[in-house]
Structures are given as C-alpha cells and as structure tokens.
Amino acid sequence: MPLTSLPTVRFGRTGMDITRVGFGAWAIGGGDWSFAWGDQDDNESIAAIRHAVEAGVNWVDTAAVYGLGHSEEVVRRALEPFSDADRPYVFTKCGLVWDESDRQKTAARIGAADSLRRDTEASLRRLGVEQIDLMQLHWPSQDGTPLEEYWQTLLDLKAEGKFRAVGLSNHNADQLELAEKVGHVDTLQPPFSAIRREVGEKELPWCASHETGVIVYSPMQAGLLTGRFSAERVASLPANDWRSRHAEFTGDKLQANLTLAAAFGPVAERHGVSVPAAAVGWVLAWPGVTGAIVGARNAEQVDGWISAAALELTAADVDEIAAAIGATGAGAGPARP
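Predicted model, so just to flag it, every value in this text is computed and none were measured.

Turning our eyes to something else, we now look at the overall build of the protein chain. Looking only at helices and strands, one finds 11 helices and 12 strands in the protein chain. Expected size for 337 residues packed as a compact globule is a radius of gyration near 20 Å; at 19 Å, the protein chain falls within 12% of this value. Counting only C-alpha atoms, the protein chain reaches 50 × 40 × 40 Å along its principal axes. In the protein chain, which comprises 337 residues, the proportion classed as buried is 56%. Taking the contacts inside the protein chain whose residues are at least 6 apart along the sequence as the reference set, 77% of them involve residues at least 24 apart.

To continue, consider the pairing of strand E9 (residues 163-169). Buried residues dominate E9, accounting for 6 of its 7 residues. After leaving strand E8 (residues 132-137), the chain enters helix H4 (residues 147-159) and then returns to the sheet as E9, a path that is right-handed. With 3 bridges joining them, E9 and strand E10 (residues 187-189) adopt parallel strand pairing. By the bridge assignment for E10, Leu168 is matched with Leu188. Regarding the hand of the β-α-β motif, the stretch spanning E9, helix H5 (residues 173-182) and E10 is right-handed.

What follows is about the packing of H4 against H5. Remark: H4 packs on H5, axes separated minimally by 9 Å, with the N-to-C direction vectors making an angle of 55°. Between H4 and H5, the angle falls in the class oblique. In the crossing of H4 with H5, the sense of the turn from one axis to the other is right-handed. In this structure, H4 uses Leu147, Glu148, Trp151, Gln152 and Leu155 to contact H5, whose residues at the interface are Gln175, Leu178, Ala179 and Val182. Classifying every residue of the contact of H4 with H5 by side-chain character gives 6 nonpolar, 2 polar and 1 charged.

Criteria and thresholds
Starting from 1, residues in each chain are numbered consecutively following that chain's sequence as written. In keeping with the predicted nature of the model, local features appear solely for residues at pLDDT of at least 70, side-chain atom pairs appear and are counted solely at 80 or more, and the whole-chain, interface and lining totals rest on all residues. Only hydrogens and water are removed before side-chain values are computed, so all heavy atoms of the structure are retained for them. Only DSSP runs of H or I with at least four residues qualify as helices, and only runs of E with at least two residues qualify as strands; both kinds are numbered from the N terminus onward. Two things to know: the radius of gyration comes from C-alpha atoms, and the globule rule equals 2.2 Å times the number of residues to the power 0.38. Note on classification: 1.4 Å probe, protein chains only; a residue is buried when its accessible area is under 20% of the maximum for its type, exposed when over 50%, partly exposed between these limits. Whether two residues touch is decided by their heavy atoms; if any such pair falls within 4.5 Å, the residues are in contact. By the criterion used throughout, a crossover qualifies as right-handed when its path from the first strand across the helix to the second strand runs clockwise, the strands pointing away from the viewer. In short, DSSP must find at least two bridges between two strands for them to pair. Axis geometry follows a simple rule: fit a line to the C-alpha atoms, using only the stretch in contact for helices, then measure angles between N-to-C directions, giving values from 0 to 180 degrees. What sets the label is the angle itself: under 35 degrees gives roughly parallel, over 145 gives roughly antiparallel, 65 to 115 gives roughly perpendicular, and the rest give oblique. Crossings are sorted by hand: turned counterclockwise from the far helix by less than a right angle, the near helix makes the crossing left-handed, and turned clockwise it makes it right-handed. Side-chain classes follow a simple rule in which Ala, Val, Leu, Ile, Met, Phe, Trp, Tyr, Cys and Pro form the nonpolar group, Asp, Glu, Lys and Arg form the charged group, and the remainder, Gly included, forms the polar group.

Spelled out as structure tokens, the structure:
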C-alpha cells in the first residue's frame, strides 16, 4: 500500500484504500490532440504529480487517450524516483483508438477483445509497470461489441494479472447492471460536479448498493467552479483548449455557472479552505462517492485543492449549495444527496 499522511477510505472491493482526492492527468497530455487543455510543460506536470504524492495523494488517474499516449508517459517519468512502498496507485483507461495520421480526429470507441489487449500492452509499456492497479473501459463501445463481451475481456485480463482491478467509465446504471451479471464491477468513473449532477440520481445509489467504488471526474467542472473563471478568461482560452468550444463556457450557461461558483465562497471561508477545495468537498459529501479526480498543471494548483482530502461539509453547507443551484438554474440533476 502506498504511504500517505492523508485520510483514506475503502475503494469498493478492490482491496485498495485510497485518499479522497487523486491526481488527474488529463490536462498534462499536452495540446496536440482533439480534447486538449492547451499546451503544457512536461517538467511542470512532473513537478505537480510529485508534489501531490509528497503531500499524501496516493493515486493518479490517467488514460491512454490523454495526449494520445503522452500523459501515461509523463506519469511514468514522474513516478520513477518513488520506491514501491511510496509509489501511488496508477489508474488508467482503455477502449479509445486514435489515428496517428490525424491527431485532431476524435478517437474511436472500440471494445473488440484484440483491440483491448493491444491497449493493455501499450499502457503497460508507457507506464513502465508490470501490473496496472485499475483499468477502466473509457466509454461504451461503438464498434458493435456487446457490453457483456468487452466487460468479459477486462475480467479475463484481470484474471491474467494485467490489472489489479477493473471498472467502467461513463457507463449508466443499466449498463452497470448488465456488466455485473458477467462479473463484479469494481469501480465506476463518472462525471460529477455541482453543475453536472445527473449520476446522483441512479448511478451513485447503484454503486453504493453493489460495493462498487466511485471516483468522479471534473469535480470543479473543468475549472468553472474554482472561483477563478470569468467571461474574459473564457474568451482568452486558446483554440487548442476544448473548453473554448463547450456550451457550459458560453452565454447564459456560463453566467449561471459563475454565479454558482461564487456561492462556494462563504462555504470555503467557514472551513478555512479554498473555493476549489469546497467544490471538491461537495462531491465527496455524496454517499457512494469514494474519491474525486482533481487535475493540476503545476504544484501551485495542487496546493489549491489538497485540503479537500480531509474536508467534511456539513448538512447546512450542502443545503446552502442546493439553494444556490436552484436560484441559478445551473446544470442538471439532483441538487442534494
């Protein structure tokens, strides 16, 4: 088990205990692909990961498609100095196949067994490990492979020792139920924030009742809930930052989201933490959520949210944010657990 000075919780039935926040490695993939966050300095990325681990974070979440392999390579470089006892768990995702001749083309969602096996070997090689702690299927397949088949492939690879645990990302409750009939779903990785709340209705209760660990992504809704965004900042996003094209960052939706972000200010002040930490603390207050994936491009950004690892919002805090959600009309989904 990786050493940590932060509180840990049981991660479903995986046998792993994880900190309530993990380092998210999406943005560090760099700028040259379709869902990039703009250009990124690899040295700063490495420093950010190491800083998070040294602060007690005991897991890193990446994916093969982030930077079309580059994020996994950066994670490997960042973790090289750590001993086995100190190294964090490494979680990654598979099932997206890209076209090297057109890096801006959206990756295909492929669930065929031979493709997932190629994904696995490529990720093992890029990460420089003999076993991946958690492998998740990134999105439901669109190549005609039935869910039961691609889930069986992941279970087979786990049985072969390639993975310690296997899970699904971006799958709904009905899909989770189908997979569970084939073999236990160790984990789910859904989007979840005070803006994007849909999984609070069905998926989180399903996971809680099946002892499926949940690590949510984009708990700060890609920066909108940090308290540091403005219409001017959105307008200045580079063309190779996917957020510059997203509906939540434009028009009335943007204004509602920024107003909701401001509502986290008093909550953060009462607890003596930052607005980003309060936004992450909100998702961690929901039953069924094991941990939150929080991105950072440099060590300073890690310091901005690390206090969420031990933050416990009160029922009054949750009610206050629910009222702000209702007043602003931001996002969709249930406003409170």
